[in-house]
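Each chain, written out:
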Amino acid sequence: MTTIAVLGAGKIGEALLSGLLRGGRSAGELLFTERHPGRVAELTERYGVEGVDVGDAARRADVLVVAVKPQDIEPLLDELAPAVKPGALVVSLCAGLPTSLYERRLPEGTPVVRVMPNTPMVVGEAMSAISAGRHAGPGHLSLVEELLRTVGKVARVPEGQQDAVTALSGSGPAYFFYLVEAMIDAGILLGIPRDLSARLIVQSAIGAARMLDRDEHPVILREAVTSPAGTTIMAIRELERHGVRAALLAAIEAARDRSAELGRAHEEG
Ligand SMILES: NC(=O)C1=CN([C@@H]2O[C@H](COP(=O)(O)OP(=O)(O)OC[C@H]3O[C@@H](n4cnc5c(N)ncnc54)[C@H](OP(=O)(O)O)[C@@H]3O)[C@@H](O)[C@H]2O)C=CC1
Ligand SMILES: O=C(O)[C@@H]1CCC=N1
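Residues numbered from 1 in each chain as written. Chains lettered and ligands numbered in written order. Predicted model: local features only at pLDDT ≥ 70, side-chain atom pairs only at ≥ 80, totals over all residues. Heavy atoms only, no water.

Looking at an unreviewed UniProt entry, one finds the protein chain named Pyrroline-5-carboxylate reductase and attributed to Saccharothrix algeriensis. According to UniProt, the comment filed for the protein chain under the heading Pathway (unreviewed entry) is "Amino-acid biosynthesis; L-proline biosynthesis; L-proline from L-glutamate 5-semialdehyde: step 1/1." In its Sequence similarities (unreviewed entry) section, the UniProt entry covering the protein chain states "Belongs to the pyrroline-5-carboxylate reductase family." (UniProt positions renumbered as here; feature names shortened; annotations may be inferred.)

Written as structure tokens, this is what we have:
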């Protein structure tokens, strides 16, 4: 039996726990850590999984999944380092943090895999990108892939691309939510009741996502909606006039830069 401990069961940590349970892992194979006793009780009641302290998790788990905010990593590593089981695999879900940080702070030879997941994990539709650290081999990558496939899709990427991936798919769902929110507001502007506006936009988003998922090119799909001298081209002209495409390029670049900066905050020296 492989014991998996989720360290920090917040939004992403809880989504992973629930996904692993849905995917067939038993509660007895899972552990989690949380700082607040109320949260421990809530999660134990919801999932039947044992909440433990970080030292206990480190002594018992074969796979330690780190899901705390990047800003909270240092005290967690202080607790983890003296207790981690020889050969245990460390899986980091933290934005920006390089595998070298864990390798420096944990016992020599600890295998580390860096992952960038996203919140659609709660509906089994995560996009996760994984990269091996210095001591992680093909077996470690396959194990992480197997775990993450229970909550969505997985791609292997060189670690040098993880900050960009974080900006694209890690933060990506927020851009879509932002767009949907703005489109629902546009419905209000046009006098459509909020409920109806939300239904019109959300179902359009689901339909569009399904069409994209058939590997059709977004340009072809957009062109099929855009009739000569019709309504859509009038809207596209406004999007171009307001620089929406350039705004997205700049926004995603800013997110990439922030991910890199979060990593640099933990550089040696
Ligand atoms: N949210 C997202 O969309 C994504 C997040 N990530 C990454 O996942 C990680 C977690 O993010 P998210 O789930 O949003 O954050 P949350 O704040 O929701 O979850 C982190 C949890 O860890 C707890 N925690 C912090 N330190 C410890 C500790 N030493 N021991 C036990 N528990 C601890 C926090 O408790 P407390 O409430 O007390 O702080 C909190 O409940 C981040 O590193 C983020 O970069 C990656 C991809 C997507
Ligand atoms: O905003 C963040 O920092 C995290 C990482 C990717 C998505 N959310």
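**Considering the site of ligand 1**
In the vicinity of ligand 1 there are 21 residues, among which E34, R35, H36, V68 and K69 approach most closely. Taking K11, its main chain carries an N or O atom lying 3.0 Å from an oxygen atom of ligand 1. One of the backbone N or O atoms of I12 is found 2.9 Å from an oxygen atom in ligand 1. Here ligand 1, which alone exposes 890 Å², has 82% of that area covered by the protein. Taken together, the residues of the shell around ligand 1 sort by class into eleven nonpolar, five polar and five charged. (Near = heavy atom within 4 Å. Polar contact = N/O pair within 3.5 Å; in protein donor to acceptor, adjacent residues only side chain to side chain. Areas by Shrake-Rupley, 256 points an atom, 1.4 Å probe, with all protein chains shown as cover. Nonpolar A, V, L, I, M, F, W, Y, C, P; charged D, E, K, R; others polar.)

**Some remarks on the UniProt feature "domain: Pyrroline-5-carboxylate reductase dimerisation" (unreviewed entry) in the protein chain**
The positions UniProt marks with the feature "domain: Pyrroline-5-carboxylate reductase dimerisation" (unreviewed entry) are residues 159-262. Note that residues 159-262 is 81% helix and 0% strand, and that its end C-alpha atoms are spaced 15 Å apart. (Helix = DSSP H or I, 4+ residues; strand = E, 2+ residues; numbered from the N terminus.)

**Points about the nonpolar core**
Residues L16 and L148 are the most contacted members of the largest nonpolar core, which totals 30 residues. Among residues more than four places away in sequence, those in contact with L148 are L16, V115, M121, S128, I130 and V154. Core analysis: the next-biggest nonpolar cluster, separate from the first, contains 25 residues, L31, V66, A88 and L106 among them. (Core = buried A, V, L, I, M, F, W, Y, C linked by side-chain atoms within 4.5 Å. Buried < 20%, exposed > 50% of the residue type's maximum accessible area, 1.4 Å probe, protein only. Contact = heavy atoms within 4.5 Å.)

**A look at the site of ligand 2**
Residues in contact with ligand 2, as listed here, are A95, G170 and S171. Within the complex, 45% of the 250 Å² of free accessible area of ligand 2 lies under protein.

**Remarks on the pairing of strand 7 (residues 126-132)**
The element strand 7 is largely enclosed, with a buried count of five among its seven residues. Where strand 6 (residues 112-116) lies against strand 7, four bridges are found, and the strand directions are antiparallel. Across the sheet, the residue bridging to M116 is A129, located in strand 7. Alignment of strand 7 against strand 8 (residues 152-156), held across five bridges, turns out to be parallel. Its bridge partner being in strand 8, A126 is matched across the sheet by G152. For the crossover from strand 7 across helix 6 (residues 138-149) to strand 8, the handedness is right-handed. (Pairing = 2+ DSSP bridges. Right-handed = clockwise from strand over helix to strand, strands pointing away.)

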